[in-house]
Amino acid sequence: MTMIRHVPARLARLWVVPVVLLVWELATRAMEHPFFPPPSVIVVHMRDLWFTGSPARLWLNDTALANFPQSLGRLLAGWVLAGVGGVVIGVAIGRSPLLYRFLDPIIQFGRALPAPALLPMFLALFSTGTRMQIATITFGIVWPVLFNAADGARSIEPLHLETARVFGLTRGQRLLRIVLPSAAPKIFAGLRLSLSLALILMVIAEFFSTEGIGFQLRAAQRAFDLPGVWGAIVLLGILGYVLNQAFLLLEKRVLTWHDAKM
Amino acid sequence: MLGFRRLSVLCIAALLITACGGGGDSAPPSNGPEKTEIRIGMLPLPEVAPIQLAIDKGYFAAEGLTVQTELISGGAAAMPDLVSGKIDILHSNYVSALLASASGTVKIKIVGDAYAAQPGNFLLMTKKDSPITEIADLRGRTIGVNTLNNISTLSVSALLKPAGLRPEDVKFVERPFPEMAGALESGQVDVALLPEPFHQAAAKTLGAVTLSDLFTGPLADFPIAGYLVTETFAQQHPKAVAAFQRALRKAAELARSDSAEVTAALQKYTKIDQATASTMKLGGFSTAVDPARVQRVADLMLEFGYLKQKFDVASIVAGGASG
Amino acid sequence: MIPRLFSRPFDSALFCGFLGVAGLLLLAEAAGRLGLVSTVQFPLASTVLVTAAGLAADQEFLVDVGATFAAWALGLSLTVAFAVPAGLLLGSVPAVERALRPVIEFLRPIPSVALIPLAAFVFTERLDMKIAMIMYASTWPILINTMYGLREVDPLAKETLRAFGFGRTAVLLRVSLPSTAPFIATGVRVAATIALILAISTELLAGGSDGIGAFIILAGSSPDGLTLTVAATVWAGLLGIATNGAFVRVERRLFHWHPGTAT
């Protein structure tokens, strides 16, 4: 309800967008450089590439339908896996100093490895295809969740835990009622970072495949199709924006639910 | 103050000398290159051995050039570096060069030829007991190439044609050469396109067998790569370009006549070890750009849809490059 | 839980860490030796370690590591200098945050790998380009952590200070900044790794004469390229461990009072 009432106000907040677009258009028109086509050219090119379908299919054409859903599916699968894995491992090492000592060097090592350099390893382990791409995405984006979860789990007020113990809460209850809720803001900050990283990793993982948005970007680069390259970049930006807005809605729900409970 | 005055005197003297020399072409000072520090962007491939040789043997120095080499990740990827002036001369395969030129994104000139394929330089290879024994068996198969939309996919397409296959009948996948043997072994690719020394290595470690030489028949002596500058650079530095061409030609002649020199040069700018390098055939180092030969690349590109209309290669060959 | 006898060695981070790493390496070696992962597809752990050790004596490689590290340090410093004030501004002035949010959320998910070819055109010096790419990618964790951190500041403390007549800037400097600092530090730590990855990826995709990425391009010339690449990657990982260790140490010094400080 409140959301609907605030729609005009929300739209008014987007005033920067047309300003930026206008400046971009004017600047690129003034430059007249083939590497920097104006946004109007990019948009037309994007429509020709992807949005010539019927309204029933959200205007998506066959090329778009052959690439977008696969890419998005892999992205979300990788993100969910990274979210679950990151929270589990993060909370575990946040609460257990011993485990932390065992895993810390491996984790520090793992997260400093550039994903493009790891592709051969994932290719060897999972062969080409969706599994390898999801593995690459998961591995590349798990770190922000993991670290934020660990930091969050570590920084719990000792008093809260003591109180819970005094009231006889079991280990599992303490985890659900104290540890996770108080680590939640940090975990969500990590999840949000991971979501946009996931888009980046998706592109890298798809460079070596034969379909997906990343593949289309690579093909456009190889063919010196600059409007195509920009089209893919803009598409990724829009996708990222939409994903982030969806995430913020989810976060608001979950965090207010927690606040209300506490 | 004194320093400044001395500097201006020097400047004036320098101006006078260049102005005086400007009249006669034979006067040594005027023949010096307009730019003496030249940066060449190149892939660490055997085909650019003459550049290393020209540095080591002092051919560039004799022409008044100080050459610095920089590694690039590919001809297409480094095109922006050429435009922005991070590098002056770019080593690039002809397909990327012609694609870039035809797309109008960059205006380039070909100033030198690097390499034309010789038998045994590039092979299509399969696993030991692969059911694929001839080109016609490739229908529906996956072919590993190092770069899509490039000389590899183009030449494979041309090779498929006599067997009645279209490029759409096979699937191309991009994989770096060092990973190709692994991809072949695991079946991620059915056929791998491998240059020297990778095909020797694949045969040794994996027992990979040759399906076909890539550049045979109509593709024999196919031009692979050349050296590019921007049109502006060619206009503003004709003497530097000519100096580069003379040194390159001398080095290419040496590379053609003495394979031991090439082997030694490879040690300096690649990670190919001595033993592997000495098994390589090479031999296709080129001394001049033959516009007619490079036109074959453009015509094939037109035939397979890489180019939308006929492209006249002679229009982008710099003066002196073919002589 | 742990028998008394062992409690001492297991208290040592070094000992435990060593065991963890050794265990992982043995696992990887076993996977290769048992044929679970073909050695043609991915080299044995022992082969990689021997090659990596050999690289430590390779003068050229050390120059490459130095070049990558220099770009990383410069890039990260500039990122911190830019992103922390930006995060404070966005976190404390909601109007600015609301106006810029769509632009930020649009830019953030654009992969730097897609931008590198375009940046290669804009920048005439390779170092500038590397630094720009590093800043582009590693600004976000610092920016967002700073904003999240400001949101977590105890409102009571702010109110109290305001009640005593302190101005907006004073509240920001005395309450908000100190209590946001641990969040910022976590962001910087995450950004440090991203910066390292970006430095190497930019070198790898855009070339150059030195850097770990340029070394990987060079390794591509050899049939042993995969082993050399993995060995170089190991060094990148070690560089990551070393820098992270340094950051943790600094954090512990600075924020020993904060319960969330990395231990």
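Here is what the cut-offs are and how they apply
Numbers given for residues are sequential positions, taken from 1 along each chain in its written order. To read the labels, note that chains go from A and ligands from 1, taken in the order they are written. Since the coordinates come from a predicted model, pLDDT governs what is reported: local features require at least 70, and pairs of side-chain atoms require 80 or more to be given and counted, while whole-chain, interface and lining totals use all residues. Labels follow the DSSP assignment, with helices taken as runs of H or I lasting at least four residues and strands as runs of E lasting at least two, numbered in each case from the N terminus. Two residues form a contact once the distance between their C-beta atoms, set from the backbone, is within 7 Å. Counts of 20 or more other C-beta atoms within 10 Å of a residue's own C-beta define buried residues, counts of 12 or fewer define exposed ones, and intermediate counts define partly exposed ones; C-beta atoms are placed from the backbone. Throughout this entry, Asp, Glu, Lys and Arg are counted as charged residues, while Ala, Val, Leu, Ile, Met, Phe, Trp, Tyr, Cys and Pro are counted as nonpolar. The remaining residues, Gly among them, count as polar. Helix span is expected to be 1.5 Å times the residue number reduced by one. Here, a strand pair is defined by DSSP locating no fewer than two bridges between the strands. A fitted line through C-alpha atoms represents every axis, and for helices the fit uses only the stretch in contact; the resulting angles, taken between N-to-C directions, go from 0 to 180 degrees. Convention used here: angles under 35 degrees read as roughly parallel, angles over 145 as roughly antiparallel, angles from 65 to 115 as roughly perpendicular, and any remaining angle as oblique. Put simply, a crossing is left-handed when the front helix is turned counterclockwise from the back one by less than a right angle, and right-handed when it is turned clockwise. The score called pLDDT rates the predictor's confidence residue by residue, from a low of 0 to a high of 100.

Digging into the overall build of chain A
Then, number 1: Summing up its helical and strand segments, chain A has twelve helices and zero strands in all.
Then, number 2: With the principal axes as the frame, chain A shows a C-alpha extent of 70 × 55 × 35 Å.
Then, number 3: Across chain A, contacts joining residues at least 24 apart in sequence account for 69% of those joining residues at least 6 apart.

Examining the overall build of chain B
Then, number 1: Counting its regular elements, chain B contains 14 helices and ten strands.
Then, number 2: A burial count over chain B gives 52% of its 323 residues as buried.

Some details on the interface of chain A and chain C
Then, number 1: Facing 51 residues of chain A, the contacting portion of chain C comprises 55 residues.
Then, number 2: Listed by contribution, the elements that provide at least two residues to the side of chain A that touches chain C are helix 3 (16–31), helix 6 (97–111), helix 7 (115–126), helix 8 (130–154), helix 10 (171–206), helix 11 (213–222) and helix 12 (226–261) of chain A.
Then, number 3: Broken down by element, the side of chain A that touches chain C gets its largest block of residues, eleven residues, from helix 6 of chain A.
Then, number 4: A breakdown of the residues in the side of chain A that touches chain C according to their chemical character gives 36 nonpolar, eight polar and seven charged.

Focus: helix 6 of chain A
Because an α-helix packs 3.6 residues into every turn, residues spaced three or four apart end up facing the same way.
Then, number 1: Helix length check: helix 6 of chain A, at 15 residues, gives a terminal C-alpha distance of 20 Å against a target of 21 Å (1.5 Å per residue), a fit within 8%.
Then, number 2: Structurally, helix 6 of chain A contributes buried residues whose contacts are with helix 5 (62–95) and helix 8 of chain A together with helix 2 (13–33), helix 9 (168–206) and helix 11 (225–254) of chain C.

Overview of the pairing of strand 4 (residues 108–116) of chain B
Residues and elements named next belong to chain B.
Then, number 1: In terms of burial, strand 4 is largely enclosed, as nine of its nine residues are buried.
Then, number 2: Two elements, strand 4 and strand 10 (residues 223–230), share seven bridges in a ladder whose sense is antiparallel. Looking at strand 10, one finds that Lys109 is bridged to Val229.

Here's the deal with the interface of chain B and chain A
Then, number 1: Taken together, the 17 residues of chain B in the interface contact 13 residues of chain A.
Then, number 2: Residue classes in the side of chain B that touches chain A are distributed as five nonpolar, eight polar and four charged.

Concerning the environment of Ala115(A)
Residues and elements named next belong to chain A.
Then, number 1: Checked against the element boundaries, Ala115 lands in helix 7.
Then, number 2: With 74 residues separating them along the chain, Ala115 and Val41 place their C-alpha atoms 33 Å apart.
Then, number 3: The residues contacting Ala115, other than those within four sequence positions of it, are Thr136, Gly140, Leu201 and Ile204.

Thoughts on helix 8 (residues 177–186) of chain B
Residues and elements named next belong to chain B.
Then, number 1: Here helix 8 lies mainly inside the structure; nine of its ten residues are buried.
Then, number 2: Along helix 8, the positions that sit buried rather than exposed are Phe177, Pro178, Glu179, Met180, Ala181, Gly182, Ala183, Leu184 and Glu185.
Then, number 3: Gly187, located one to two residues past helix 8, shows a positive phi value of around 85 degrees.

A short note on the packing of helix 10 of chain A against helix 11 of chain A
For any two helices packed against each other, the geometry comes down to the angle between their axes and how far apart the axes lie.
Residue and element names in this part refer to chain A.
Then, number 1: The N-to-C vectors of helix 10 and helix 11 enclose an angle of 60 degrees; their axes lie 7 Å apart at closest approach. For the element pair helix 10 / helix 11, the angle class is oblique. As for the relative orientation of helix 10 and helix 11, their crossing is right-handed in sense. For the pair formed by helix 10 and helix 11, the contact residues are Met202, Val203, Ile204, Ala205 and Glu206 on the first element and Ile213, Gly214, Phe215 and Leu217 on the second.
Then, number 2: Along the lines of polarity and charge, the residues of the contact of helix 10 with helix 11 split into seven nonpolar, one polar and one charged.

Structural notes on unusual backbone geometry
Trans peptide bonds make up the majority, and among non-glycine residues the majority have a negative phi.
Then, number 1: The linkage connecting Glu196(B) with the following residue, Pro197(B), adopts the cis geometry, with an omega of -5 degrees.
Then, number 2: By the element assignment, Pro197(B) lies in the loop between strand 8 (191–195) and helix 9 (198–206).

Here we look at the confidence of the model for chain A
Then, number 1: Per-residue confidence for chain A gives a mean pLDDT of 81; residues scoring 70 or more make up 91%.
Then, number 2: Helix 1 (residues 2–5) of chain A is the least confidently modelled element of chain A, averaging 52 in pLDDT, while helix 5 of chain A averages 88, the highest of any element.

A look at the sheet that holds strand 2 (residues 66–71) of chain B
Residue and element names in this part refer to chain B.
Then, number 1: Pairing is mixed across the open sheet formed by five strands, whose spatial order is 2-1-3-10-4. The sheet is open, and its two edges are formed by strand 2 and strand 4, each paired on a single side. Each adjacent strand pair in this sheet contributes to an overall mean axis angle of 25 degrees, direction not counted.
Then, number 2: Both strand 1 (residues 37–42) and strand 3 (residues 89–93) contribute to a ladder of two bridges, which runs parallel.

A few points about the pairing of strand 8 of chain B
Residues and elements named next belong to chain B.
Then, number 1: For strand 8, the tally of buried residues reaches four of five residues, placing the bulk of the element in the interior.
Then, number 2: When strand 5 (residues 122–126) meets strand 8, the two strands line up antiparallel, connected through five bridges. The partner of Leu123 across the bridge, within strand 8, is Leu194.
Then, number 3: Here strand 6 (residues 142–145) runs beside strand 8; their pairing, made up of two bridges, is parallel. Directly across from Gly144, in strand 8, lies its bridge partner Ala192.

Observations concerning the confidence of the model for chain B
Then, number 1: In this model, chain B carries a mean pLDDT of 83, and residues with pLDDT of at least 70 account for 89%.
Then, number 2: Within the model, the stretch residues 1–29 of chain B combines pLDDT values under 50 with eight contacts to residues more than four positions away or in other chains.

Things to note about the sheet that holds strand 9 (residues 209–213) of chain B
All names here are of chain B.
Then, number 1: With mixed pairing, five strands are arranged side by side in an open sheet as 7-6-8-5-9. Looking at the sheet topology across the chains shown, the edges are occupied by strand 7 (171–174) and strand 9. Pairs of neighbouring strands in the sheet enclose a mean axial angle of 30 degrees, with direction left out of account.
Then, number 2: Relative to strand 9, strand 5 runs antiparallel, the two being bridged by four bridges.

Here we look at the environment of Ala153(A)
Residues and elements named next belong to chain A.
Then, number 1: Structurally, Ala153 can be placed in helix 8.
Then, number 2: Owing to 25 C-beta atoms within 10 Å, Ala153 belongs among the buried residues under this scheme.
Then, number 3: Ala153 sits eleven residues away from Val142 along the chain, and the two C-alpha atoms are 16 Å apart.
Then, number 4: Among residues more than four places away in sequence, those in contact with Ala153 are Gly90, Val91, Gly94, Arg95, Val179 and Ala183.

Here's the deal with the packing of helix 6 of chain A against helix 2 of chain C
Then, number 1: Their axes nearest at 7 Å, the elements helix 6 of chain A and helix 2 of chain C cross at an angle of 60 degrees. Relative to helix 2 of chain C, the element helix 6 of chain A lies oblique. By crossing handedness, the relation of helix 6 of chain A to helix 2 of chain C is classed as right-handed. For the pair helix 6 of chain A and helix 2 of chain C, contact is made by Arg101(A), Phe102(A), Leu103(A), Asp104(A), Pro105(A) and Ile106(A) and by Ala13(C), Cys16(C), Gly17(C), Leu19(C), Gly20(C), Val21(C) and Leu24(C), respectively.
Then, number 2: Looking at the contact of helix 6 of chain A with helix 2 of chain C residue by residue, the class counts come to nine nonpolar, two polar and two charged.

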